[in-house]
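# Architecture and fold: a report
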Amino acid sequence: MEKSLQLEIVTPDKLVLSESVDYVGAPGQLGEFGVLPNHIPFLSALSVGNLYYKKDGKTKYVFVAGGFADVSSNKITILAEAAEKAEDIDVERARKAKERAEARLAKAADQIAYARAQVALQRALSRMKAAGVS
Ligand code: ATP
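Owing to the predicted nature of the structure, the values given are computational and were not obtained by experimental measurement.

### Observations regarding helix 2 (residues 111–130)
An α-helical turn contains 3.6 residues, so any two residues separated by three or four positions project in the same direction. Under the 1.5 Å per step criterion, the end-to-end length of helix 2 is 28 Å for 20 residues, consistent within 8% with the ideal 28 Å. Burial in helix 2 covers these residues: Ala117, Ala120, Leu121, Ala124, Ser126, Arg127, Met128 and Ala130. Looking at the buried residues of helix 2, the elements they touch are strand 5 (42–55), strand 6 (58–72), strand 8 (83–85) and helix 1 (91–106). For helix 2, the side-chain oxygen to backbone nitrogen distance between the N-cap and isoleucine 112 is 3.1 Å, and the N-cap itself is aspartate 110.

What follows is the structure, encoded as structure tokens:
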């Protein structure tokens, strides 16, 4: 039995993280799910939100903007549209994105514009939360 599992987070343009960890909590589309070492194979779609992992008694956060999680052979691979480690998040940029999304929500002319603005707001709020501000 393994005591840790490999966490890999990949986006279309970069490898965000590759680390041996003790536990992963991820924002599944059906709610948060947790993965411990030696988990059975599992596939889940991800929502926009924050993934966290535990290593050496510390918890770290990574923003993920949707995608998939694939668990197999004691490894969890996250394929995300965008992802940033908490320390790499530009908080000011997220704040501005939040303000733009709120302005778009206030004057959305149709359901599609409203839904897009909502998702943009969700990305901005999750980034701020991952970075420890709100
Ligand atoms: P913005 O309007 O500020 O671009 P967004 O939510 O539309 O925000 P995304 O489409 O999710 O941005 O991401 C585009 C690229 O920019 C991705 O590579 C993503 O990692 C990066 N990115 C977006 N916002 C931030 C941020 N606040 N800090 C660091 N990287 C960011």
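### A closer look at the UniProt feature "domain: ATP synthase F1 complex delta/epsilon subunit N-terminal" (unreviewed entry) in the protein chain
Within this structure's numbering, the places UniProt gives as "domain: ATP synthase F1 complex delta/epsilon subunit N-terminal" (unreviewed entry) are residues 5–83. From the first C-alpha to the last, residues 5–83 spans 20 Å; its make-up is 0% helix and 76% strand.

### Brief notes about a nonpolar patch on the surface
Side chains of Leu43, Phe68 and Leu79 sit close together on the surface and give an oily, nonpolar patch of about 320 Å² of accessible area. By the secondary structure assignment, leucine 79 is in strand 7 (residues 75–80).

### Let's talk about the packing of helix 1 against helix 2
The contact between helix 1 and helix 2 brings their axes to 8 Å, and the two run at 155 degrees. The pairing of helix 1 with helix 2 is recorded here as roughly antiparallel in orientation. Remark: the crossing between helix 1 and helix 2 carries left-handed chirality. On helix 2, the residues touching Ala94, Arg95, Ala97, Lys98, Ala101, Glu102, Arg104 and Leu105 of helix 1 are Tyr114, Arg116, Ala117, Gln118, Ala120, Leu121, Ala124, Leu125, Arg127 and Met128. Of the residues contributing to the contact of helix 1 with helix 2, the split by class is eleven nonpolar, one polar and six charged.

The rules behind these values
- Residues numbered from 1 in each chain as written.
- Predicted model: local features only at pLDDT ≥ 70, side-chain atom pairs only at ≥ 80, totals over all residues.
- Heavy atoms only, no water.
- Helix = DSSP H or I, 4+ residues; strand = E, 2+ residues; numbered from the N terminus.
- Expected span 1.5 Å × (residues − 1).
- Buried < 20%, exposed > 50% of the residue type's maximum accessible area, 1.4 Å probe, protein only.
- Contact = heavy atoms within 4.5 Å.
- Polar contact = N/O pair within 3.5 Å; in protein donor to acceptor, adjacent residues only side chain to side chain.
- UniProt positions renumbered as here; feature names shortened; annotations may be inferred.
- Patch = residues over 30% accessible without salt bridge, like charges linked within 9 Å, V, L, I, M, F, W, Y side chains within 5 Å.
- Areas by Shrake-Rupley, 256 points an atom, 1.4 Å probe, with all protein chains shown as cover.
- Salt bridge = Lys/Arg side-chain N within 4 Å of Asp/Glu carboxyl O.
- Axes fitted to C-alpha atoms, helices over the stretch in contact; angles between N-to-C directions.
- Parallel < 35°, antiparallel > 145°, perpendicular 65-115°, else oblique.
- Left-handed = near helix turned anticlockwise from the far one by under 90°.
- Nonpolar A, V, L, I, M, F, W, Y, C, P; charged D, E, K, R; others polar.

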